[in-house]
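Chains, contacts and geometry: an overview
This is what each chain is made of:
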Amino acid sequence: MKTSQYTLSQVRPLMKSHQVEALFEDLFLRHYELVYHVLCRLLGDEAEAEDMSQRVFLKLYHNMDRIQAQKDETKVTGWLYRVAVNEGYNALRARRRRASWYEKFARLWPFAPSPPDPAQVIETQDTQAQVRGILADMNPRDAELLLMRHAGLSYKELAAALRVAPGSVGPLLTQARRTFARKYRTTFPDMEE
Amino acid sequence: MGVDEAKLAAYLDGELSEEERERVEEHLAGSPWLRDKLERLRQEADQVNQALDSLSPVSAVFSASQALKRFQSQLSLAPGPNSLADEVYSRDHSQLVWESPSLWAEIRSGLKSVRPRRGQAMQDSIQRKRMTLVAVLILTIPAITVAFILLFNSYIPPLGSVRLRVAQPGQQMLTPPAAGSILPAQRGIQVDPLGDTQANIEHLKALGFGWVKFQMAWKDVEPIQGDYRWARWDEVIGAYAEKGIYVMLSIVKAPDWARPVDDDKNVEGLPADPATYAEFVARVANRYRGQVQAIEVWDEQNMWYKAGGVGRIDAKTYVALLQQAYQAIKAANEDTIVVSGAMAPAVSVTDATNGALALDDIDYLQRMYANGFKGYFDVLGAYAPGNNCPALADWRTFEDESASFRGPVETRHHSWCFLGPLEAYREVMLANGDGDKVIWVTQFGWAVADSPVPGYEYAADNTYKEQAQWIVEAYRWAADHAWIGPMFLWNLDYGLTAPDTPFAYFSILDTPAYDALMEMSRAEEKEK
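Fair warning: this is a prediction, and the values are worked out from it, not measured in the lab.

1. Observations regarding the pattern of salt bridges
All told, the structure shown has 30 salt bridges over all chains when counted by the stated rule. For A:Arg149, the salt bridge goes to B:Asp13, with nearest N and O atoms at 3.8 Å. Of this pair, A:Arg149 sits in helix H8 (residues 140–150) while B:Asp13 is found in the loop between helix H1 (5–12) and helix H2 (18–29), placing the two residues in two different chains. For B:Asp13, a relative accessible area of 14% puts it in the buried group. Put simply, B:Lys213 and B:Glu296 hold a salt bridge, and the shortest N to O gap is 3.9 Å. Highlighted residues: B:Lys213 in strand S2 (residues 211–217) and B:Glu296 in strand S4 (residues 292–299), separated in sequence by 83 residues. You'll find B:Lys213 and B:Glu296 in the same group, each marked buried. Three or more residues joined by partner-sharing salt bridges are found here, namely A:Arg55, A:Lys59, A:Glu87 and B:Asp256.

Here's what the structure looks like:
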């Protein structure tokens, strides 16, 4: 039984054995920096990236019961980066949806709430925003694959993260790069040599 | 052997063994065409890298150990587990509002850690919302009080009569139920879908389990809206179905994209729009036609960690989800049995500031009925944990001098013992004219552990022999009660797949319970 009484289930997540705590700390110290950097790049906002990194590790913390039983660390790191990139990517897409909503309605409706941060939401001018826009337009798996590879994950870790056979990583990555490069060239035609 | 694009990509990314690399280089040397291809791949990869490199690098000085400190301070693990556990068990269950400063401080600080930083304007707006909420509460409290009195008056029978009525055979309430009689198999067990499928099927056959239960996490199958990952489930469900084992899926855990923007993402929660869940379960019913016989719609919806956070437990929201799920499942495949989500047997706990963490399951069932539950389930799902109570113990009178875990004796409540919730739900169902409906026990079991982790102290009181005996007694009891349908034992193989976790305490592989169930199954075979 997962829970016997309400109170136990509430306190249980807060009380892990020392062994699990040690394992968690180890994973945290080894992977936090990279997770944070990936999210910084993706979101372009250090405070947001920091909060999100903390949230990602909270998820790891809550899943330590299962993580502990997993002997293959590639699978653990794969899982961790997948969660991180997935969170970041969803935030990016949500931001984009909000932006388009404001663009559509703000002009028509005088009472429309102003965007939380216009500089961030309606990013159309600057290059970084364009790159984020390309990512947000891509198939999520492709975008996440590019981001994870860029963060330095090996094919084996990528395979574990995407739950595909290691042999599929090469073709998927090639495809994703091609899609990105095509969109990138359309956005920045002058960069084509 | 040729060199394809995937090989070239792996070559480019330094992911080949030395041997493979040499082979690719040999090919490259002899083929201008291949070199062109490699060059194109390199350009594409460079373009991606340049673009991603251009995204803002980190400027602040970074320290992982500081980040860890921040994480831990927000999680606030400081007080020892024992002090917490003591507080938990010594509290008086008759109090509805329980305020234990240290525990709440911990839980709150845990929640706080994930809130994104907010600007002043947002803070102000939150403040305004809070004040509005307080005003609304003040205005509606008299109405709520009246509603409560009406609700409770209509249902709570004197305790003595509960047992009498349940125990007497031959009354209207014991009419053989429709859904239960369609499917003869009465015993089920929960199995790890990631475990060894073939071995587990053999175990189920040997033990006479006709049903298997899996928990299917919606968020794992549809992590991105419209993007489904069925492969593993196709394999597992197909394997069990092929061997004639009935499958029940408990479908829980909404993906973040489906959830309300403002609920607590630290815990599981219901979707913002019930239609998203309804669509998902309908897909399951349709996809696994003839393979999945029953779907349990959510579970533990009376607990904050499955309802989207503290203060968000609401029977009305759940019933709305169930109604849409029921209609969608029936439209997709009318043979699928819809099991209402099993509540967690619990005591109501309310945090004065943030609202309910848990609602008493009997109370919650009443509220479900008050919000249109009737007619939207085929069978009622129930969890019946045994803790350290024997299977047939009466929670009102149970005594155990030797037990080190004193909860069931010192703070008497129906939720401590196996029969408690089942008999109470039966009463509520009868009061609502659902006497012909069956209860399926979708999770029950007893834990055994020498030195259990905190939270599972009761497991130290139980022996493997008791575990075996109580499981058999529970199944025999169920066979004598027509209003009980299949009962799913928690669990078969988590002892193998998740050793050293509390899941393993309940696992029956290599225990006397395994032998006792095999014995039971053989005896039944002989009778036939």
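2. Topic: the environment of B:Asp263
All names here are of chain B. Looking at the secondary structure, you find Asp 263 in the loop between strand S3 (246–252) and helix H13 (274–287). Taking the C-alpha atoms as reference points, Asp 263 and Ala 307, separated by 44 residues in sequence, lie 8.9 Å from one another. Polar side-chain contacts of Asp 263 include one of 2.7 Å to the side chain of Lys 265.

3. Focus: the sheet that holds S2(B)
Residue and element names in this part refer to chain B. Strand order around the closed barrel formed by eight strands is S1-S2-S3-S4-S5-S8-S9-S10, with parallel pairing between neighbours. Between one strand axis and the next, the sheet turns by 30° as a mean value, whatever way the strands run. As judged from the five bridges shared by S4 and strand S5 (residues 337–343), these two strands associate in the parallel manner. Looking at the pairing, Glu 296 lines up with Val 339 of S5.

4. Quick word on the state of the cysteines
Residues and elements named next belong to chain B. For the coordinates displayed, the defined rule picks out one disulfide over all chains. In this model Cys 389 forms its disulfide with Cys 417; the gap between the sulfur atoms is 2.1 Å. On the criterion of sequence distance, the pair formed by Cys 389 in the loop between strand S8 (379–385) and helix H16 (407–410) and Cys 417 in the loop between H16 and helix H17 (419–431) is long-range, its members being 28 residues apart. For the residue pair Cys 389 and Cys 417, the accessibility class agrees, reading buried in each case.

The rules behind these values
- Along each chain, numbering runs from 1 in the same order as the chain's sequence is written.
- Working convention: letters from A go to chains and numbers from 1 go to ligands, in the order in which they are written.
- Given that this is a predicted model, residues contribute local features only at a pLDDT of at least 70 and side-chain atom pairs are listed and counted only at 80 or more, while totals for whole chains, interfaces and linings are drawn from all residues.
- To get the side-chain values, take all heavy atoms of the structure and skip hydrogens and water.
- Throughout this description, the term salt bridge denotes a Lys or Arg side-chain nitrogen within 4 Å of a carboxyl oxygen of Asp or Glu.
- Strands are runs of DSSP state E lasting at least two residues, helices are runs of H or I lasting at least four, and both sets are numbered from the N terminus onward.
- Any residue under 20% of the maximum accessible area for its type is buried, any over 50% is exposed, and the rest in between are partly exposed; the area is computed with a 1.4 Å probe on protein chains only.
- N or O atoms closer than or at 3.5 Å make up a polar contact, with two conditions inside protein: a donor-capable atom paired with an acceptor-capable one, and, for residues adjacent in sequence, both atoms drawn from side chains.
- For two strands to be treated as a pair, DSSP must find at least two bridges joining them.
- Fitting a line to C-alpha atoms yields each axis, with helices limited to the stretch in contact; the angle taken between N-to-C directions then spans 0 to 180 degrees.
- The term disulfide is used for any two cysteine sulfur atoms that are within 2.5 Å.

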